[in-house]
Amino acid sequence: MIAENLQSIKEQLPSEVNLVAVSKFHSVEEIMEAYNAGQRVFGESRPQELAKKVSALPQDIEWHFIGHLQTNKLKMVLPYASLVQSVDSLHLLEAVNAWGVANSKRIDILLELHIGAEQTKQGFTEEEILDLCFRASSFKGVRFCGLMGMATNTDNEEDIRADFTRISDYMAYLKDLFPEMEAFKELSIGMSGDWQIALDYGATMVRIGTAIFGPRVSA
Ligand SMILES: *Cc1c(COP(=O)(O)O)cnc(C)c1O
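Reference entry: report on the structure contained in this document. (Residues numbered from 1 in each chain as written. Predicted model: local features only at pLDDT ≥ 70, side-chain atom pairs only at ≥ 80, totals over all residues. Heavy atoms only, no water.)

### Section: the packing of helix 6 (residues 126-134) against helix 7 (residues 157-177)
Here helix 6 crosses helix 7 at 20°, and the two axes come no closer than 11 Å. Of the possible angle classes, the one that applies to helix 6 and helix 7 is roughly parallel. The two elements helix 6 and helix 7 cross, and the hand of that crossing is right-handed. Between helix 6 and helix 7, the contacting residues are Glu 126, Glu 127, Ile 129, Leu 130, Cys 133 and Phe 134 on the first element and Arg 166, Tyr 170, Tyr 173, Leu 174 and Leu 177 on the second. For the contact of helix 6 with helix 7, the class distribution of residues is 8 nonpolar, no polar and 3 charged. (Axes fitted to C-alpha atoms, helices over the stretch in contact; angles between N-to-C directions. Helix = DSSP H or I, 4+ residues; strand = E, 2+ residues; numbered from the N terminus. Parallel < 35°, antiparallel > 145°, perpendicular 65-115°, else oblique. Left-handed = near helix turned anticlockwise from the far one by under 90°. Contact = heavy atoms within 4.5 Å. Nonpolar A, V, L, I, M, F, W, Y, C, P; charged D, E, K, R; others polar.)

Below, the structure written as C-alpha cells:
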C-alpha cells in the first residue's frame, strides 16, 4: 500500500518538487517499505524518535526535522537533519545558530511563517521574518533556505488558497528584496489534504504523511 501511495503521488508531482515523506509515528518497517520504493527524504517531528530511526535505517536517507524543537534537544537533531524546516522562534534560531557556530557547521533551515487560523500553531509573523532577513548575514551558523508554512486545517479550499497566497507572495517579496540570500528558494507548503493546491502557489517541497503511510496511531 505504501509503495502504491507513493507511486500515485509521484505521478502527480512535478519532478522539481521535493517530496518529504512524513514518517512520524510510523515504524522502521513502514519507512523501509517507502525506502524500497525509492523514497529517500523523510520528515520527523520528535527528536528522540528521529535519533532512534537514524540509527536503525539506511545512511543515505535524508532527514528533515519538521516539528517543534526545544533548545535542549538540539544535539539529538542537528547532527542528523539535513534541513530543519520548523524554526519558529528567535530563541530557537539563536540556539541553532550557536550550535552551528560551535560545531563549525552551517545548518540549513526554513523559517516557519504563521499562516493558518489556528491560534496554537507556532511560527513567525511577516515582520519578524523581514527583520531576520535583514540580519541574515549575522547568523553564521545557519543558512536561510526559505519558508515553511501550514495552511488552516479546513475543508474550505478558499481559506487554504488564501493562506498559500499569503506565504507565496511573501516568499516572492523576500527573494526580490534579498537577492544576496542565494539559498533562499525553498517554499515548503502542502500536506496530505492540500498538497495539490500548494502546487499552484509555487511549492518546492511538500510534506506528506497520512496519504503515504495511512493514519498515525498516536498523536
Ligand atoms: C505531521 C505533519 C505533516 C504531515 O501531515 P499529513 O496530514 O499526515 O500529511 C506535515 N507537516 C508538518 C509540519 C507536520 O507536523
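### A short note on the environment of Ser 23
Secondary-structure assignment places Ser 23 in the loop between strand 1 (18-22) and helix 2 (28-36). Considering only alpha carbons, one finds Ser 23 and Thr 165, 142 residues apart in sequence, at a separation of 27 Å. Each residue touching Ser 23, except ones within four places of it in the same chain, is listed here: Ile 31, Phe 42, Gly 43, Glu 44, Glu 49, Lys 53, Trp 63 and Phe 213.

### Remarks on the packing of aromatic side chains
To describe a pair of aromatic rings, you give the distance between the ring centres and the angle between the ring planes. Under the defined criterion, the tally for this structure stands at 5 aromatic pairs. On the basis of an interplanar angle of 80° and a centroid distance of 5.0 Å, the ring pair of Phe 134 and Phe 178 is categorised as edge-to-face. Taken together, the residues Phe 134 in helix 6 and Phe 178 in the loop between helix 7 and strand 7 (186-188) connect sequence positions 44 residues apart. Using a relative accessible area of 56% as the deciding quantity, one classes Phe 134 as exposed. Given the relative accessible area of 4%, Phe 178 is considered buried. An angle of 45° between the planes, with centres 6.1 Å apart, marks the rings of Phe 164 and Tyr 201 as tilted. Of this pair, Phe 164 sits in helix 7 while Tyr 201 sits in the loop between helix 8 (195-199) and strand 8 (205-208); the two residues are 37 residues apart in sequence, bridging distant segments of the chain. In this structure Phe 164 comes out as buried when scored by relative accessible area, which is 0%. Over the face of the ring belonging to Tyr 35 we find Arg 40, whose NZ or CZ atom lies 3.6 Å from the ring centre. (Phe/Tyr/Trp six-rings, centres within 6.5 Å; stacked < 30°, edge-to-face > 60°. Buried < 20%, exposed > 50% of the residue type's maximum accessible area, 1.4 Å probe, protein only. Lys NZ or Arg CZ within 6 Å of the ring centre and 35° of its normal.)

### With respect to the site of the ligand
In the vicinity of the ligand, the contacting residues are Val 22, Lys 24, Ile 66, Met 148, Met 150, Met 191, Ser 192, Arg 207, Ile 208, Gly 209, Thr 210 and Arg 216. Between the ligand and Thr 210, the relevant distance is 2.5 Å, taken from an oxygen atom to a side-chain nitrogen or oxygen of the residue. Here the ligand loses 89% of its free accessible area of 390 Å² to cover by the protein chains. Along the lines of polarity and charge, the residues of the shell around the ligand split into 6 nonpolar, 3 polar and 3 charged. (Near = heavy atom within 4 Å. Polar contact = N/O pair within 3.5 Å; in protein donor to acceptor, adjacent residues only side chain to side chain. Areas by Shrake-Rupley, 256 points an atom, 1.4 Å probe, with all protein chains shown as cover.)

### With respect to the side chain of Glu 126
Tracing the sequence through the fold places Glu 126 in helix 6. The class for Glu 126 is buried, based on a relative accessible area of 15%. Look past the residues within four positions of Glu 126 in its chain and what remains in contact with it is Leu 113, Arg 166 and Tyr 170.

### A short note on the side chain of Ser 86
Structurally, the position occupied by Ser 86 is in strand 4 (residues 81-87). Within the structure, Ser 86 has its side chain in polar contact with the backbone oxygen of Gly 67 (distance 2.6 Å). If we skip the residues at most four places from it in the chain, Ser 86 touches Phe 65, Ile 66, Gly 67, Leu 92, Leu 110, Glu 112 and Met 148.

### Digging into helix 2
Along helix 2, the positions that sit buried rather than exposed are Ile 31, Ala 34 and Tyr 35. Each buried residue of helix 2 lies within a common arc of 105° when the element is viewed along its axis, so the set occupies one face. Of the residues in helix 2, the exposed ones pointing more than 90 degrees away from the buried face are Glu 29 and Asn 36. Among the structural elements, helix 1 (2-12), strand 2 (41-44), helix 3 (47-56), strand 3 (62-65) and helix 9 (210-213) are those in contact with the buried residues of helix 2. Among the residues trailing helix 2, Gly 38 stands out with phi positive, at a value near 105°. (Arc of directions from axis to C-beta.)

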